[in-house]
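Here are the chains, one letter per residue:
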Amino acid sequence: MKIGIDLGGTKTEGILIDSSGRELTRKRINTEKNYQGTMHGIVSLIKEFENDFGDVESIGVGMPGCVSHDSSLVKNANSVWLNGKPLKIDLENTLKRKVILENDANCFALSEAVDGAGKGKSVVFGVIIGTGTGGGIVINQKVIQGRNNIAGEWGHITLPNRTEEEKKFNKKCYCGRDGCIETYLSGPGFSNCYNLRNGTNLNSHDIIKDYPNNAKSKFALEQYVDHLARGLSIVVNVLDPDIIVLGGGMSNINYIYETINNKLKEYVFSDVCHTKVVKNIHGDSGGVRGAAWLS
Ligand SMILES: [Zn+2]
């Protein structure tokens, strides 16, 4: 049996699976927005599962950001109370055993590679398009972290070939750079671009609900897929994965899958593009299942 924990900004979810991936139990609690409270929530879930089901072989935790290879402290987490904290060390000391921590987008990619939409594929690129834009690389069912622990972070590359209009109707990224892919492809990025262009104040759900009857919605979605194809063409040119699996709230837009694969071909440096962009299989459970598969 394996335990996976998905540490989110508002909810912390735990899952217990057997070696075939069958779910034995699951529990979701509120994340306390302070370090000690977050720690306590994770530890209590693990202890509860082990009390009810017995000892487990591994414990994995998916989290925003990552644990720095240099300092062993959390960095880049949008749950900011974790940053600078020795979460891995404290969890291991409290539980008196090994705990594997991994970026949540990497967990999503691992979940889809093991028994999701990327099952049987050697090189899987997992994409999160939700509140932010993240990504993870899994090769032969192992997460690739990279020398700086940022492998797969394609969201903070500048969108290629930006037009003057696309520069104008775009907000600066929280990371301090201009024109990051995240500022076009995340849910808030998509709605910001739309609202700046149209002088509105709509969220992404409102924008797309009238598609295909509303010309502005249709244009926004066509632009969105074009941005996605331009962004992913960088990934294909560099990594050339076997499959790209989309997750996060924006990945539920069916229009994406009707058009993205033809669009991607236009931007990739190849006469053919065998790499397909597909929807995830595990939905919201990708993060917690991937955390359980960590080893
Ligand atoms: Zn950025």
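The coordinates are above.
Cut-offs applied
- Residues numbered from 1 in each chain as written.
- Predicted model: local features only at pLDDT ≥ 70, side-chain atom pairs only at ≥ 80, totals over all residues.
- Heavy atoms only, no water.
- Phe/Tyr/Trp six-rings, centres within 6.5 Å; stacked < 30°, edge-to-face > 60°.
- Helix = DSSP H or I, 4+ residues; strand = E, 2+ residues; numbered from the N terminus.
- Buried < 20%, exposed > 50% of the residue type's maximum accessible area, 1.4 Å probe, protein only.
- Pairing = 2+ DSSP bridges.
- Polar contact = N/O pair within 3.5 Å; in protein donor to acceptor, adjacent residues only side chain to side chain.
- Contact = heavy atoms within 4.5 Å.

A. The packing of aromatic side chains, seen in detail. In total, this model carries 3 aromatic pairs according to the counting rule given. Both rings, one in phenylalanine 190 and one in tyrosine 224, keep their centres 5.3 Å apart while their planes meet at 80°; by these two values the pair is edge-to-face. A residue pair is termed long-range when its members are at least 10 positions apart, and phenylalanine 190 in helix H6 (residues 187-198) and tyrosine 224 in helix H8 (residues 215-239) qualify at 34 residues. Overall, the relative accessible area of 5% leaves phenylalanine 190 in the buried class.

B. Region of interest: the pairing of strand E12 (residues 276-279). As judged from the 4 bridges shared by strand E11 (residues 243-247) and E12, these two strands associate in the parallel manner. Across the sheet, the residue bridging to isoleucine 244 is valine 277, located in E12.

C. Main features of the side chain of asparagine 261. Considering the arrangement of structural elements, one finds asparagine 261 in helix H9 (residues 254-267). Within the structure, the side chain of asparagine 261 is placed 2.8 Å from the backbone nitrogen of valine 277, a separation counted as a polar contact. Sequence-distant contacts of asparagine 261, defined by excluding residues within four places in its chain, comprise Thr275, Lys276 and Val277.

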